[in-house]
Every structure is written in C-alpha cells, then in structure tokens.
Amino acid sequence: MKKWEENVKKVTPYTPGEQPKKEGIIKLNTNENPYPPSPKVEEILKNTDYRMLRLYPDPAISSLVDALANSYGIKKNQVFVGVGSDDVLAMCFMTFFGSGKKILFPDITYSFYEVWAKLFSIPYEKKALNKEFELVAEDYFGENGGIIFPNPNAPTGIELSLEKVEEIIKNNQDVVVIVDEAYVDFGAKSALPLIEKYDNLLIVQTFSKSRSMAGARIGFAMGNEKLISYLNDAKYSFNSYTIDSLNMHLAKVVLEDETYFKENLEKIVETREWTKKELKKLGFDFWDSRANFIFASHKKVGAKEIYLTLKEKGIYVRYFEKERIDNYLRITIGKEGEMQDLLQALKEIVGKRKML
Ligand code: PMP
C-alpha cells in the first residue's frame, strides 16, 4: 500500500439492486413502482422553458416544501427535502448520531444504515428481530446514541404497530429516533401525528416508491422545527443546491395529484394480495407484507436457486446472501401481467422439483 493510501477513508459501500441494460426484463428487484408518475408530469415537461436551467435552483426548495407542509397538514419549518431519502438519512446520521454512544437498529433491515454508521464512524449495535422477524420494542429501551428503523421494515415488509413505535420513542426521549417510512403508503400507519408530541422524532419518506419517482431522487423528513433547522444547517454546510429546478416542480405536481396517487396504490395493494394467494398455492411462505414487495421462501427449493433460474428467464428479483435471510427472495410488486409471468416461471421451477 502506498503511503498516501494509508490515510484514505476505506468503506464497504452499499450494493444497490441491479439496473439491467437489456430490454424486456421483468424487473422486480428494486421496489420501484411499476406505473409511471402522475400524467401531470408530462404537461410540465412539455411546457417548461429549458432556459430556466441557466439559473441555480431555489436552495430552500420552497415550492415543494410548502406543498409537502400543505399536503401533510404541518408547518413549513417542519419539512426538510433531500436527494432521495438516502440523502436525507445520510444527513440525519451525520447530524444526530454524534454522541459517541451506540446507535441501535435491527439486525435484518435496510443495509445502508450500517454503511452510513461506518462512513461517519458512528458506533452501532444491531438488535435481533425475533423468530417471526418482528422488531422487539423493549430491546430498544436501554441507553443508546439514537435509533433508526424502517416501518414497514425492509426487506421483510412487516409493520410495527403504532403503539410499539410510540413505546420506543417514549423510552428514548434523550436521543433522536428516526422512523424510515419509505414504504408506509402501501398500507401501514404513519407515526407522523407523533411529531407534535415528541420533539426528538423524525419521520423520513420518499417519492421513489408510492409516487413512482425513483429516477427524480426526492426524499423528505418531517419533524420538530429544531430538528429540521439542524438538518438544514448540515445541508447548507455540504451542498446548498440539492434538488434541481425541474424536479422540484415535477415533485410538486405529483404530490398534488391525490386521485392518481390513491388509484396507483390501490392497484399495487390489490396485486400484492393476489400474488400472496398465488405464492401460497405454490408452497411459498412469507410475512404479511405492508410494503410494495413480498419477502418469501419456498418449502422445498432454495432461494438462491430460484433467484438464479428466474434471472436466466429474464425475471429479476432481489436475493441477499446474508445470515438469517439467505433463503428468502424479495419480490417487488409489478403490474398484474408481470406477476402472472413471475408465477408461471415459479410454477415451472418448483413444479419440476416436485417431480424429481
Ligand atoms: N429506506 C428504505 C427502507 C429503502 O428500502 C430505500 C430504498 N432503497 C430507501 C430508504 C431509499 O430510497 P430513496 O433514496 O430512493 O428515497
């Protein structure tokens, strides 16, 4: 190793799901929404004067912040916007988890938490989910430097009841508690109303899943004015212009098209519930997902084998070669036709095994 290399900060990065370049792939591996964003986006794209790109965007992202505050019934200074919730969460780790004490998160969860903890040299402890893959609230009651968990959890899709979420917050009022609600719109209860009661609670959500805008990179946090102001101080110490002018407008119209949003969610939830029934018939076990994915394992055929065979057939799902979950597949809910193709392929894979 060269001398200069000794002082390089070395990190093991998060591995995002594959984005295949090939045409015709059924892509059920990164929890994207199978439907396009609100058609109002097209109108804006057609009517936007490209010359506006000459100017820097509004650093305060005011029009989107106002729209979010309006839509969620909170004040403007209770909203923070970032480049996808990954950016918002990274800012949170940097801003709120610097006590030197261990922060807590589940052992099976969004694997980026561990990456950020290492990147920012934050000590951490992973609390094991129980056998049913549920988060145990009491495990989070001891002394710590902060808490983060997704609700519903990823990649399990399991929802923690609002009562349990509140118990965790109530027992941790001296540290910041972050609830990552990336998937909440698909049928779980948001802890947002609790931000009025607890000034140490931050709710993080995203436009990437329920609002079909993964490509636009828009995420946001909602919480007490003080938390938001600390986040803004961190943002302005890092990069003032996070959201580009075009995406700021697009996100606003997407947010305001409530009818389209609700119809889109209904379709996905309906397809999810139908897929669960069909998977059951093929001998799959899974948790009661409240997200836009199902975390499933088969009674007889190993997850890795299914994952690889599906890939050969042009169907991508997510497989994690990790302790406790290496016999599970995380399957994103696609369009009904895509799920029919998936089930047909699965039928062939597990059916063949039965005959052997
Ligand atoms: N939180 C969880 C639990 C996720 O699964 C994801 C998606 N990978 C994110 C946050 C980040 O999503 P985005 O940056 O697209 O908002």
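What comes next is a walk through the structure. (Residues numbered from 1 in each chain as written. Predicted model: local features only at pLDDT ≥ 70, side-chain atom pairs only at ≥ 80, totals over all residues. Heavy atoms only, no water.)

## Here's the deal with the layout of surface pockets
By volume, the largest pocket is sized at about 1,200 Å³. Lining the largest pocket are 50 residues, with Tyr14, Thr15, Tyr110, Ser111 and Arg318 positioned closest to its centre. For the lining of the largest pocket, the secondary structure elements donating two or more residues are α3 (84-96), α4 (112-119), α9 (303-312) and β11 (315-319). (1 Å grid on protein atoms, 1.4 Å probe; cavity = no way out; pocket = protein on both sides within 12 Å on 5 of 7 lines; lining within 4 Å. Points joined across faces, edges and corners; volume = space filled by probe spheres on them. Helix = DSSP H or I, 4+ residues; strand = E, 2+ residues; numbered from the N terminus.)

## Some points on the packing of α3 against α4
Packing of α3 against α4 brings their axes to within 10 Å, and their N-to-C directions diverge by 40°. In terms of their interaxial angle, α3 and α4 are classed as oblique. The crossing of α3 and α4 is right-handed. Across the interface between the two elements, Asp86, Leu89, Ala90 and Phe93 from α3 touch Phe112, Tyr113, Trp116 and Ala117 from α4. (Axes fitted to C-alpha atoms, helices over the stretch in contact; angles between N-to-C directions. Parallel < 35°, antiparallel > 145°, perpendicular 65-115°, else oblique. Left-handed = near helix turned anticlockwise from the far one by under 90°. Contact = heavy atoms within 4.5 Å.)

## Notes on empty space enclosed by the protein
According to the stated counting rule, one finds one cavity of 30 Å³ or more in the structure shown. For the largest cavity, the calculated volume is near 40 Å³. Lining the largest cavity are Pro37, Ser38, Ser210, Arg211, Ser212, Val254, Asp257, Tyr260, Phe261 and Asn264. Across the lining of the largest cavity, the residue classes break down as four nonpolar, four polar and two charged. (Nonpolar A, V, L, I, M, F, W, Y, C, P; charged D, E, K, R; others polar.)

## Some details on the side chain of Gln78
Looking at the secondary structure, you find Gln78 in the loop between α2 (62-72) and β2 (79-82). Under the relative-accessibility criterion, Gln78 is labelled buried at 2%. In terms of polar contacts, Gln78 uses its side chain to reach the backbone amide nitrogen of Lys75, at 2.8 Å. Here Gln78 is in contact with Ile195, Glu196, Ala221, Met222, Gly223, Glu225 and Ile228, once residues within four sequence places are set aside. (Buried < 20%, exposed > 50% of the residue type's maximum accessible area, 1.4 Å probe, protein only. Polar contact = N/O pair within 3.5 Å; in protein donor to acceptor, adjacent residues only side chain to side chain.)

## Brief notes about unusual backbone geometry
Cis geometry is found at the peptide bond from Asn151 to Pro152, where omega equals -5°. When you line up the elements, Pro152 lands in the loop between β5 (147-150) and α5 (162-170). In the segment running from Ala154 into Pro155, the intervening peptide bond is cis, with an omega of 5°. Among the structural elements, Pro155 can be located in the loop between β5 and α5. In the Ramachandran plot, Ser212 falls in the positive-phi region, its phi being about 55° despite a non-glycine side chain. Looking at where Ser212 falls in the secondary structure, it is placed in the loop between β7 (201-206) and β8 (219-223). The phi dihedral of Arg217 falls on the positive side, at around 60°, and the residue is not glycine.

## Regarding the sheet that holds strand β9 (residues 284-286)
In any sheet, the strands associate via hydrogen bonds between backbone groups, in a parallel or an antiparallel arrangement. Read from one edge to the other, the open sheet built from five strands follows the order β1-β11-β12-β10-β9, with strand pairing classed as mixed. Unpaired on one side and paired on the other, β1 (26-28) and β9 mark the two borders of the sheet. Strand-to-strand twist in this sheet, taken as the mean axis angle between neighbours without regard to direction, amounts to 40°. Bridge count between β11 and strand β12 (residues 329-332): two bridges; the pairing is antiparallel. Its bridge partner lying in β12, Tyr319 is registered against Leu329. Contacts from helix α8 (residues 258-281) reach β9 and β10 (293-298) within the one sheet, and its direction differs from that of β9 by about 135°. (Pairing = 2+ DSSP bridges.)

## Considerations on the packing of aromatic side chains
Counted according to the given criterion, the structure contains 21 aromatic pairs. Measuring from ring centre to ring centre gives 5.5 Å for Tyr14 and Tyr110, while their planes differ by 75°; the resulting arrangement is edge-to-face. In this pair, Tyr14 sits in the segment before β1 while Tyr110 sits in the loop between β3 (103-106) and α4, placing the two residues 96 residues apart along the sequence. Centroid distance Tyr183 to Phe293: 4.9 Å. Interplanar angle 85°. Geometry classified as edge-to-face. Taken as a pair, Tyr183 in the loop between β6 (177-180) and β7 and Phe293 in strand β10 lie far apart in primary sequence, 110 residues in all. On the accessibility criterion, Tyr183 (8% relative accessible area) is buried. Positioned above the aromatic ring of Phe261 is the side chain of Arg211, whose terminal nitrogen or guanidinium carbon lies 3.9 Å from the ring centre. Looking at Arg330, its charged tip hangs above the ring of Phe293, at a distance of 5.8 Å from the centre. (Phe/Tyr/Trp six-rings, centres within 6.5 Å; stacked < 30°, edge-to-face > 60°. Lys NZ or Arg CZ within 6 Å of the ring centre and 35° of its normal.)

## A word on the packing of α2 against helix α7 (residues 245-256)
Closest axis-to-axis distance for the α2/α7 pair is 9 Å, and the angle between their directions is 15°. Comparing their axes, α7 and α2 come out roughly parallel. Considering how the two elements wind past one another, α2 and α7 form a crossing that is left-handed. Touching Ser62, Ser63, Leu64, Ala67, Leu68, Ser71 and Tyr72 of α2 are Met248, Ala251, Lys252, Leu255 and Glu256, all from α7. In terms of residue class, the contact of α2 with α7 is made up of seven nonpolar, three polar and two charged.

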